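What follows is the residue order along each chain.
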There are 2 protein chains.
Amino acid sequence: MRTDEKLTQLRALMKEKAFYAYIIPSDDFHSSEYVGRYFKAREYMSGFTGSAGTLVVLPDKAALWTDGRYFLQAGEQLKGSTIELMRSGQPDVPKIEEYLYENLPDKAVIGFDGRTVTKRFLETIREKTDGKQITFDGSEDLVNRIWTDRPPLSKEQVWELDVKYAGRSRAQKIREVREKMQEEKADQLLVTALDEIAWLFNLRGGDIAYTPVFLSYLLLTKEQITLFVHREIFSAQLLEKLGQEGVTIRPYEEIGQAVGSMPAGTKVWLDSGAVNYRLTESVPETVEILDQESPIVLMKAVKSPEEMEHMRAAHVKDGVAVTRFIHWLKTSVSRGPVTEVGAARKLETFRSQMEGYLEPSFSSIIAYGPHGAIVHYAPTQESDVEMKAESFCLADVGGHYQDGTTDITRTIALGELTEEEKRYYTAVLRGNLTLSAAKFVEGVSGQNLDVLARTPLWEMGMDYNHGTGHGVGYILGVHEGPQRFHWRTAPGTKSVPLEEGMIVSDEPGVYLEGRFGIRLENLVLCRRGEKNEYGQFLYLEPLTMVPFDREAILPELMSEKELAWLNAYHQKVYETLSPCLEEEERGWLREMTARIE
Amino acid sequence: MRTDEKLTQLRALMKEKAFYAYIIPSDDFHSSEYVGRYFKAREYMSGFTGSAGTLVVLPDKAALWTDGRYFLQAGEQLKGSTIELMRSGQPDVPKIEEYLYENLPDKAVIGFDGRTVTKRFLETIREKTDGKQITFDGSEDLVNRIWTDRPPLSKEQVWELDVKYAGRSRAQKIREVREKMQEEKADQLLVTALDEIAWLFNLRGGDIAYTPVFLSYLLLTKEQITLFVHREIFSAQLLEKLGQEGVTIRPYEEIGQAVGSMPAGTKVWLDSGAVNYRLTESVPETVEILDQESPIVLMKAVKSPEEMEHMRAAHVKDGVAVTRFIHWLKTSVSRGPVTEVGAARKLETFRSQMEGYLEPSFSSIIAYGPHGAIVHYAPTQESDVEMKAESFCLADVGGHYQDGTTDITRTIALGELTEEEKRYYTAVLRGNLTLSAAKFVEGVSGQNLDVLARTPLWEMGMDYNHGTGHGVGYILGVHEGPQRFHWRTAPGTKSVPLEEGMIVSDEPGVYLEGRFGIRLENLVLCRRGEKNEYGQFLYLEPLTMVPFDREAILPELMSEKELAWLNAYHQKVYETLSPCLEEEERGWLREMTARIE
């Protein structure tokens, strides 16, 4: 069915329900970043395949909001449809709530699937449209009536992460969460974020591509631990084990009923920015809501010593695979046809040779030339191009291993570069290295440090339209909060001080539409350094172990300090990876990491 | 009377009033940073003369809170009293509200002069002591009954700032404020901050040392402009002029009555973080309060093109005076006795030779050797020392001129320095230069940029216990908001994006207790730079025109870029100042600013 036909069908249903507007966000019932195939209603209705976007349908028009990562891609994919692209954050682009305020008549009803939006999202609309007497109706998923060949809900098997990898047992983690509940005098904690549940239970699943989590809800009280899941995703042994540990299993669909029957006079802790609207609204009026971030968010972000150690090991393996890939790519591109899709496959081969490799942590970005300027480009059969022995290949790739998760970007010179290409590469590299070398006092957040990565670009009158870095989960989502590197905090969010054990990506970039893109990304681990009369100092330890491309560097544009950081990093990369490489690769790595003066 | 006797008298009065605690803050009735002599109740009661501090008196003990600038000074001045020093922000030091929570019995009454605290301050106490049923009583200033020789309220003459200096007329500014009121649907605006009133009316006064403001309140409605002042501070001509412009003058003391009789059903705009408690509480219940920052704060912070131009001119004059002073100090110190107080007097002489000079903008800090480590040291007859031809003299000084306000710190080598002294000086200089050279996109705040100044020190495992920079008023307070350079935002405050026209100080430092202190401060003016597809870029133009001390610099520790910035700045300083200097001074400045390789 064509996009416009789908919209016509939806508008007929909207008319039937007396909805003036219908909102289709990208979310599943758990505010997940990536979602299972069942949940891709926005993609189905709009044709835009990016991971973030919201479609708003009105009787006479429709619009899709997405962020800077997807401006180019969404522009391509919406071409030929009647859906207008709204580039969020650009000057003169209205926010969703402003658009609704402009276009909605008084007393209009806005419809949506109440399980795919949060109360906080709706409050923004409510505040802006104040005075128009707008009402919400989240009772039905209208797309379900149009999408006849919708895939079923995923029910992949769950597996257990050994405590040697997790660092702490389920029982221990649950005890700690209950302590936080006691501090807040909360009788119940409702957790719907899939990575929080997976982390807490030391369990992993396969219901979402690239994110080893399983569809579930958790209701925790002082006495009870109730997991709402599709029972069949657990093996008999696991069910027995969980039962012995006091975990009650109830059907996934019963969460609404359970929330609706919370005892009067109790207090439930939930985050209305994460828990879906329908569930939040199901809390009885006699139950007090403590509306704040789940305690698991910060616990999960601060890696245990065991998790840190395993993450390092995973990065060595990933470093070997990616370094092999770079060597292969640079030597193969002049010999015969190499395409983006072919290269992505080759990388997957290198990775799968490494011990404990599970799956990619996100869709590999192998972007040649102009494709590199599309921040979240992922090659498809349609977009695939052959690479030549010139320009850049931007590879932003990551993997889940039995012992950790990786995320790395290298931009690879495939032939002789122009002076301009080298100048931009060097600026991005300087930003990456300067941030990575930061030493700072306790209390400082990624909001404070972000400028270190941007300064070399700002000096040139350039910038990049994305954050400098995101947190990374431990065999969970490759993007997780609460810490990040960005000078701007999203409205309503606070900037979180960096702590020992937090992992953040360091990934500045430069994007020249239609020409090329450069991004250089290492994961860094926040570590405690010296403590003295000035305070507790922290520093960042690079986890990623892959060389930068010396053929793209103009050393004369780097300070002595930056060169020293680069040389020290390269020496560490060589020492770490060389024992795991074959003779020829090792010789090549020695040259790639040789001292630059 | 000794401090302990005063406390004994206060405790007797507290008993009489059934107060369990009595709070004496540093504030006047207007939340001014510096206060007139009448208002120095906290200083009178505690003996601590710093500008910031809060004294809390309980039946059996007393404590004084102050910030990092004053730890050493307060420690000295409280010695021998029974008042405990609370170093705000240090680990294990309770906040005032925590201290009260710990020490207060249920149903205790806390007393204070309700005109010297804000409602917001009390709310913090209320929240923390929630459950103890604490009540507040702000009806009487008990110190007034103890302080028998209290100076009277100041009533200095008001003078008018010509519109050629102010840039905009009173009428124009008031029109703009009324537009903001209309946007917020506010019927009335209550302004009690003295610098806001002085700015709005293009008037200056002399009721507070170093801050040319006058005691006043403003009540602005759509139709009326009412100033509450001591009538005698205006000349007959000025009274007539103001009358013609529609300004009503009422007695200073009648503000409470005016606030109390606001018409029912109206909406008043006031900032409960700035307006005093007694006034906020005087608003009738039938009047709606719009509690947010006064619109004048931001208007005042963004200097007009005329103000920018005049500020530049004032800085040239100040630069001549301070450069002469440095030349004099460096050449005099080996010849004969030079003391801190003597040097401060000499600087005042140089300044007063400059056209349009009015008065210092704060108490001059001329701090030799170990005194330099006391961040807000001001030499007195008791503390004065003779300087020798060794170590550093830290001079943090500023002036008000007819055309602007300055604030500068130079740390001056008085003889051959040690390698260590030079290393620290160079690190502080690098921080100053790096921040000053920042180029950034619109939206970025001082919270984001602060790390640029600190990084050279953090790299050495050092830090300074104060913000990197504050806003500066135009012939008003030398410290003003809302913009600042600090990685940490105070609780409840937001970080404000930098805008063209904002002036901020750039003043990193290093303090080694008992040895020496180094601080280097320039004022910088935020300017609009190029605008391109990445956004509107901004940069910082240094206003201060005084050389750094080449005898304290280790060029080998500076990057080429940092040296280039320094050389460019020094060249500009030489070009700007040399026409205004005498032959010998000019020759000396040529050497001081000669290119460093």
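Here the residue index of a chain counts from 1 through its sequence in written order. A letter from A marks each chain and a number from 1 marks each ligand, given out in the order of writing. Thresholds applied to this predicted model are a pLDDT of at least 70 for local features of residues and 80 or more for the giving and counting of side-chain atom pairs; totals over whole chains, interfaces and linings are not thresholded and use all residues. Derived side-chain values reflect all non-hydrogen atoms in the structure, with water molecules and hydrogen atoms excluded from consideration.

Draft legend 1. How the structure looks around the overall build of chain A. Scanning chain A from terminus to terminus reveals 19 helices and 28 strands. Radius of gyration here is computed from C-alpha atoms only, and the compact-globule reference equals 2.2 Å multiplied by the residue count raised to the power 0.38. Its C-alpha radius of gyration of 25 Å places chain A within 12% of the 25 Å reference for a compact globule of 597 residues. Each of the three principal axes of chain A carries a C-alpha extent, and together these read 70 × 55 × 50 Å. Buried residues in chain A amount to 59% of all 597 residues. For chain A, the proportion of contacts with a sequence separation of at least 24, taken over those separated by at least 6, is 69%. Residue-level accessible areas treat just the shown protein chains as cover; the underlying method is Shrake-Rupley with a 1.4 Å probe. Accessible area of chain A: about 23,500 Å², with a carbon and sulfur share of 48%. A distance of 1 Å separates the average location of the 69 positive side-chain charges in chain A from that of its 92 negative side-chain charges. To qualify as a helix, a DSSP run of H or I must reach at least 4 residues; to qualify as a strand, a run of E must reach at least 2; elements of each kind are numbered from the N terminus. Think of it in three bands: with a 1.4 Å probe and only protein chains considered, a residue is buried below 20% of the maximum accessible area for its type, exposed above 50%, and partly exposed in between. Only heavy atoms enter the contact rule, under which two residues are in contact if any of them lie within 4.5 Å. None of His or the chain ends enter the tally, which takes Lys and Arg as positive and Asp and Glu as negative. Where a charge lies is defined by one atom per residue type: Lys uses NZ, Arg uses CZ, Asp uses CG and Glu uses CD.

Draft legend 2. Just the environment of Ile412(B), in detail. All names here are of chain B. Tracing the backbone through its elements, the reader meets isoleucine 412 in strand β20 (residues 408-413). For isoleucine 412, a relative accessible area of 1% gives the class buried. C-alpha separation for the pair isoleucine 412 and tryptophan 147, spaced 265 residues apart in sequence, amounts to 42 Å. If we ignore the near neighbours within four places in the chain, the residues touching isoleucine 412 are Phe325, Ile326, Leu329, Lys330, Ser391, Phe392, Cys393, Ala395 and Asp549.

Draft legend 3. Region of the structure containing the relation of the copies chain B and chain A. A least-squares fit on C-alpha atoms brings the copies together, and the residues used are those whose pLDDT is at least 70 in both copies. Of the transformation placing chain B onto chain A, the axial shift is 0.1 Å and the rotation is 180°, giving an RMSD of 0.1 Å. As the rotation angle and translation indicate, the two copies are arranged about a two-fold axis. Taking C-alpha positions as reference, the residue of chain B nearest the rotation axis is Asn448(B), located at 2.3 Å. Comparing interface residues between copies, 100% of those in chain B also lie at the interface in chain A; the contact surface is shared.

Draft legend 4. Geometry of the packing of aromatic side chains. Between 30 and 60 degrees the pair is tilted, below 30 it is stacked and above 60 it is edge-to-face, where a pair is any two Phe, Tyr or Trp rings, Trp via its six-membered ring, whose centres lie within 6.5 Å. A full pass over the atoms with the stated rule returns 34 aromatic pairs over all chains. On the basis of an interplanar angle of 70° and a centroid distance of 6.0 Å, the ring pair of Phe214(B) and Phe234(B) is categorised as edge-to-face. With Phe214(B) in the loop between β9 (203-204) and β10 (216-221) and Phe234(B) in the loop between β11 (225-229) and α10 (236-244), this residue pair connects regions lying 20 residues apart in the sequence. Look at Phe234(B) and you get buried, because its relative accessible area is 5%. Through pairs of rings, three or more aromatic residues link up here, namely Phe392(A), Tyr424(A), Tyr425(A) and Phe516(A). One residue, Arg410(A), lies across the ring of Phe548(A), its end atom 4.1 Å from the ring centre. We call a charge positioned above a ring when the Lys NZ or Arg CZ atom is no farther than 6 Å from the ring centre and deviates by at most 35 degrees from the ring normal.

Draft legend 5. Representation of the interface of chain B and chain A within the structure. Facing the 28 residues of chain B at the interface are 28 residues of chain A. Taking both sides of the interface into account, the surface hidden between chain B and chain A amounts to around 2,300 Å²; carbon and sulfur atoms contribute 56%. Buried area adds together the accessible area that both of two parts lose upon being put together, with accessible area traced by a 1.4 Å probe. Summed over the three residues of chain B that lose the most area to chain A, namely Asn448(B), Trp458(B) and Tyr534(B), the buried surface amounts to 26% of that side. Each reported salt bridge corresponds to a side-chain nitrogen of Lys or Arg within 4 Å of a carboxyl oxygen of Asp or Glu. As a salt-bridge pair, Lys561(A) and Glu459(B) come within 3.2 Å of each other at their nearest N and O atoms. We call two N or O atoms a polar contact when they sit within 3.5 Å, provided that within protein one can donate a hydrogen and the other can accept it, with sequence-adjacent residues counted only if both atoms are side-chain atoms. Counting every contact that joins chain B to chain A gives eight residue pairs in polar contact (both at pLDDT 80 or more). Among the elements that make up the side of chain B that touches chain A, the one with the highest residue count is helix α17 (residues 446-459) of chain B (eight residues). Here the side of chain B that touches chain A is composed, by residue class, of 15 nonpolar, six polar and seven charged. Residues are grouped as follows: Ala, Val, Leu, Ile, Met, Phe, Trp, Tyr, Cys and Pro are nonpolar; Asp, Glu, Lys and Arg are charged; every other residue, Gly included, is polar.

Draft legend 6. Geometry of the confidence of the model for chain A. Summing up the model confidence of chain A, the mean pLDDT is 95 and the portion of residues at 70 or higher is 99%. This prediction of the complex comes with two scores: 0.91 for pTM and 0.89 for ipTM. Confidence of the prediction at every residue is given by pLDDT, a number between 0 and 100.

Draft legend 7. Region of interest: the sheet that holds strand β2 (residues 54-57) of chain A. Residues and elements named next belong to chain A. When DSSP locates at least two bridges between a pair of strands, those strands are taken to pair. One open sheet accounts for six strands, arranged β4-β3-β2-β1-β5-β6; its pairing is mixed. One side of each edge strand has no neighbouring strand; the edge strands of this open sheet are β4 (83-87) and β6 (135-137). For this sheet, the mean inter-axis angle between neighbouring strands, taken without regard to orientation, is 25°. Every axis in this analysis is a line fitted to C-alpha atoms, fitted for helices over the stretch in contact. Angles between the N-to-C directions lie between 0 and 180 degrees.

Draft legend 8. View of helix α1 (residues 3-17) of chain A. Under the 1.5 Å per step criterion, the end-to-end length of α1(A) is 21 Å for 15 residues, consistent within 8% with the ideal 21 Å. Along α1(A), the residues that are buried comprise Thr3(A), Asp4(A), Lys6(A), Leu7(A), Leu10(A), Leu13(A) and Met14(A). In this analysis, the expected span of each helix is defined as 1.5 Å times one less than the number of residues it contains.

Draft legend 9. Fine view of the pairing of strand β28 (residues 535-542) of chain A. All names here are of chain A. Where strand β21 (residues 439-441) and β28 come together, three bridges link them in antiparallel fashion. Its bridge partner lying in β28, phenylalanine 440 is registered against leucine 538. Linking strand β27 (residues 522-532) back to β28 in an antiparallel pair, the connection comprises two residues.

Draft legend 10. The packing of helix α14 (residues 305-332) of chain A against helix α15 (residues 340-352) of chain A, seen in detail. Residue and element names in this part refer to chain A. The N-to-C vectors of α14 and α15 enclose an angle of 140°; their axes lie 9 Å apart at closest approach. As far as their axial angle goes, α15 and α14 are oblique. In this structure, the crossing between α14 and α15 has a hand that is right-handed. Along its contact with α14, which presents Asp318, Ala321, Val322, Arg324, Phe325, Trp328 and Leu329, the element α15 presents Ala343, Lys346, Leu347, Phe350 and Arg351. Its residues assigned to classes, the contact of α14 with α15 comprises eight nonpolar, no polar and four charged. Any angle from 65 to 115 degrees is called roughly perpendicular, while one under 35 is roughly parallel, one over 145 is roughly antiparallel, and all others are oblique. In this scheme, a crossing is called left-handed if the near helix is turned counterclockwise away from the far one by less than a right angle; it is called right-handed if the turn is clockwise.

Draft legend 11. Broad picture of the side chain of Asp463(A). Relative to the helices and strands, Asp463(A) is located in the loop between α17 (446-458) and β22 (469-471). By relative accessible area, Asp463(A) is classed as buried at 11%. Looking at Asp463(A), its side chain comes within polar contact range of the side chain of Arg454(A), at 3.0 Å. At 3.2 Å, the side chain of Asp463(A) and the side chain of Trp458(A) are in polar contact. If we skip the residues at most four places from it in the chain, Asp463(A) touches Arg454(A), Trp458(A), Val441(B) and Tyr534(B).

Draft legend 12. Spatial organisation of the packing of helix α16 (residues 419-436) of chain A against helix α18 (residues 560-577) of chain A. Residue and element names in this part refer to chain A. Here α16 crosses α18 at 80°, and the two axes come no closer than 10 Å. By the angle between their directions, the pair α16 and α18 is classed as roughly perpendicular. Along its contact with α16, which presents Leu429, Arg430, Leu433 and Thr434, the element α18 presents Glu562, Trp565 and Leu566. Among the residues forming the contact of α16 with α18, the class breakdown is four nonpolar, one polar and two charged.

Draft legend 13. Focus on the pairing of strand β24 (residues 503-506) of chain B. Residues and elements named next belong to chain B. Neither face of β24 is exposed, since Ile503 and Ser505 on one face and Val504 and Asp506 on the opposite face are all buried. By the bridge criterion, four bridges tie β24 to strand β27 (residues 522-532) in an arrangement that is antiparallel. Looking across to β27, one finds that serine 505 is bridged to leucine 523.

Draft legend 14. Geometry of the sheet that holds strand β16 (residues 365-368) of chain A. Residue and element names in this part refer to chain A. Here three strands make up an open sheet; going across it, the order is β16-β17-β20 and the pairing antiparallel. Looking at strand neighbours, the two that pair on one side only are β16 and β20 (408-413), the edges of this open sheet. Geometrically, the sheet is characterised by an average inter-axis angle of 10° between neighbouring strands, direction not taken into account. In terms of strand pairing, strand β17 (residues 392-397) meets β20 through six bridges, oriented antiparallel. In the sheet register, phenylalanine 392 faces β20, and the bridge partner there is alanine 413.

Draft legend 15. Quick peek at the environment of Lys267(A). Residue and element names in this part refer to chain A. Following the sequence through the fold, lysine 267 ends up in strand β13 (residues 267-270). Linking lysine 267 and proline 91, residues 176 residues apart in sequence, is a C-alpha distance of 43 Å. Once you skip the residues sitting within four places of it in the chain, lysine 267 turns out to touch Glu184, Lys185, Ala186, Asp187, Gln188, Glu288 and Leu290. Here glutamate 184 takes part through its backbone oxygen, which lies 3.0 Å from a polar atom of the side chain of lysine 267.

Draft legend 16. Summary view of the side chain of Thr66(B). Mapped onto the elements, Thr66(B) comes out in strand β3 (residues 62-66). Among all residues touching Thr66(B), those that are not within four sequence positions of it are Phe48(B), Ala52(B), Gly53(B), Phe71(B), Ala74(B), Leu85(B), Met86(B), Arg87(B) and Ser88(B).

Draft legend 17. The environment of Lys303(B), seen in detail. All names here are of chain B. Locating lysine 303 in the fold gives a position in the loop between α13 (295-301) and α14 (305-332). Owing to a relative accessible area of 3%, lysine 303 belongs among the buried residues under this scheme. Setting aside its immediate chain neighbours within four residues, lysine 303 contacts Met308, Val472, Gly473, Tyr474, Glu480, Gly501 and Ile503. For lysine 303, the side chain forms a polar contact with the main-chain oxygen of valine 472, separated by 2.8 Å.

Draft legend 18. Quick look at the pattern of salt bridges. Applying the stated criterion across every chain yields a total of 84 salt bridges over all chains. Taking the shortest distance from any N to any O, the salt bridge between Asp4(B) and Arg2(B) comes out at 3.6 Å. For Asp4(B), a relative accessible area of 19% gives the class buried. Within this structure, Glu309(A), Arg312(A), Glu500(A), Arg527(A), Arg528(A) and Glu541(A) form a network of salt bridges that share partners.

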